[in-house]
Amino acid sequence: MIDIRPATVQDLLSMQSCNLHNLPENYQMKYYIYHATSWPGLSWVAEDTRTGRVVGYVLAKMEEDVPTEPPHGHITSLSVMRTWRRLGLAEKLMSQSQRQMRNLYSAEYCSLHVRKSNRAALALYRDTLKFDVHEIEKGYYADGEDAYAMRKVL
């Protein structure tokens, strides 16, 4: 059985481990701590209740850098361990995070970036979660790959 619940400080190492196993964009622990302490309630985990293992997470924040923009949330990272994919966990994690963006911080929309080459993630965001491509950011990733900057009205 899987429990979708708010991330706690105790989950941060497991979230980082999941990230390191699955994604090319990795973060130092202080970045996870920054998210957890600055925007409590926006990051969520999927926990296997039989083992206590975190098998997926969403790391999210509010964007506060551009005062001319309406309040909006941003998905920093989303990952589900390979053996737990295609069970709807990513959708559940994203839905909880987006709900909290709206309820706790009055976010008008949610943004995220996805590699142009990541077809599976693009299908999840566009087709399942109903995000729209807002623009293409050239050379967004450290290796020079372009990103789709996507948004969803909350």
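The paragraphs below set out a description of the structure included in this document. (Residues numbered from 1 in each chain as written. Predicted model: local features only at pLDDT ≥ 70, side-chain atom pairs only at ≥ 80, totals over all residues. Heavy atoms only, no water.)

1. Remarks on the sheet that holds strand β7 (residues 147-153)
Reading across from one edge, β1-β2-β3-β4-β5-β7-β6 is the order of the seven strands in this open sheet, with mixed pairing throughout. Two strands in the sheet have a free side with no partner beyond their single neighbour: β1 (2-6) and β6 (132-137). Strand-to-strand, the axes of this sheet are offset by a mean angle of 25°, without reference to chain direction. Across eight bridges, strand β3 (residues 53-63) lies against strand β4 (residues 72-80) in antiparallel orientation. Within β4, the residue paired with V58 across the bridge is L78. Along the sheet face, helix α1 (residues 12-22) touches β2 (44-48), β3 and β4 and points at about 95° away from the line of β3. Packing of helix α2 (residues 29-38) onto the sheet brings it into contact with β3 and β4, and relative to β3 it is tilted by some 65°. (Pairing = 2+ DSSP bridges. Helix = DSSP H or I, 4+ residues; strand = E, 2+ residues; numbered from the N terminus. Axes fitted to C-alpha atoms, helices over the stretch in contact; angles between N-to-C directions. Contact = heavy atoms within 4.5 Å.)

2. Comments concerning α1
Three or more residues of α1 are buried, namely L12, M15, Q16, C18, N19 and N22. Down the axis of α1, the smallest arc covering the buried residues is 160°, so these residues share one side. Opposite its buried face, α1 presents the exposed residues L13, L20 and H21, each directed more than 90 degrees away. Packed against the buried residues of α1 are α2, β2, β3 and β4. (Buried < 20%, exposed > 50% of the residue type's maximum accessible area, 1.4 Å probe, protein only. Arc of directions from axis to C-beta.)

3. With respect to the packing of aromatic side chains
Under the criterion given, the structure shown has six aromatic pairs. For the pair Y140 and Y141, a centre-to-centre distance of 4.9 Å together with 85° between the ring planes defines the contact as edge-to-face. Residue classification places Y140 among the partly exposed positions, given a relative accessible area of 37%. (Phe/Tyr/Trp six-rings, centres within 6.5 Å; stacked < 30°, edge-to-face > 60°.)

4. Structural notes on the pairing of β2
Burial runs high along β2: five of the five residues are buried. Residues W44, A46 and D48 of β2 are buried on one face, and the alternating residues V45 and E47, pointing to the opposite face, are buried as well. Across five bridges, the pairing between β1 and β2 is antiparallel. In the strand pairing of β2, I2 is matched with D48. Counting the residues in the hairpin turn of β2 and β3 gives four residues, including G52, whose phi is positive at 80°.

5. Some points on the environment of E64
With respect to the helices and strands, E64 occurs in the loop between β3 and β4. In this structure E64 comes out as exposed when scored by relative accessible area, which is 56%. On a C-alpha basis, the gap between E64 and Y31 in space is 16 Å, while along the polypeptide they are 33 residues apart. Within polar-contact distance, the side chain of E64 engages the side chain of W39 at 3.4 Å. (Polar contact = N/O pair within 3.5 Å; in protein donor to acceptor, adjacent residues only side chain to side chain.)

6. Regarding unusual backbone geometry
The phi dihedral of R86 is positive, around 65°, even though this residue is not glycine. Mapping R86 onto the fold places it in the loop between β4 and α3 (89-105). Positive phi is not limited to glycine here, since K130 has a value of about 65°. A residue is classified by how much of its surface remains accessible, and K130, at 54% relative accessible area, is exposed.

Scope: geometric values only; no functional claims are made or implied.
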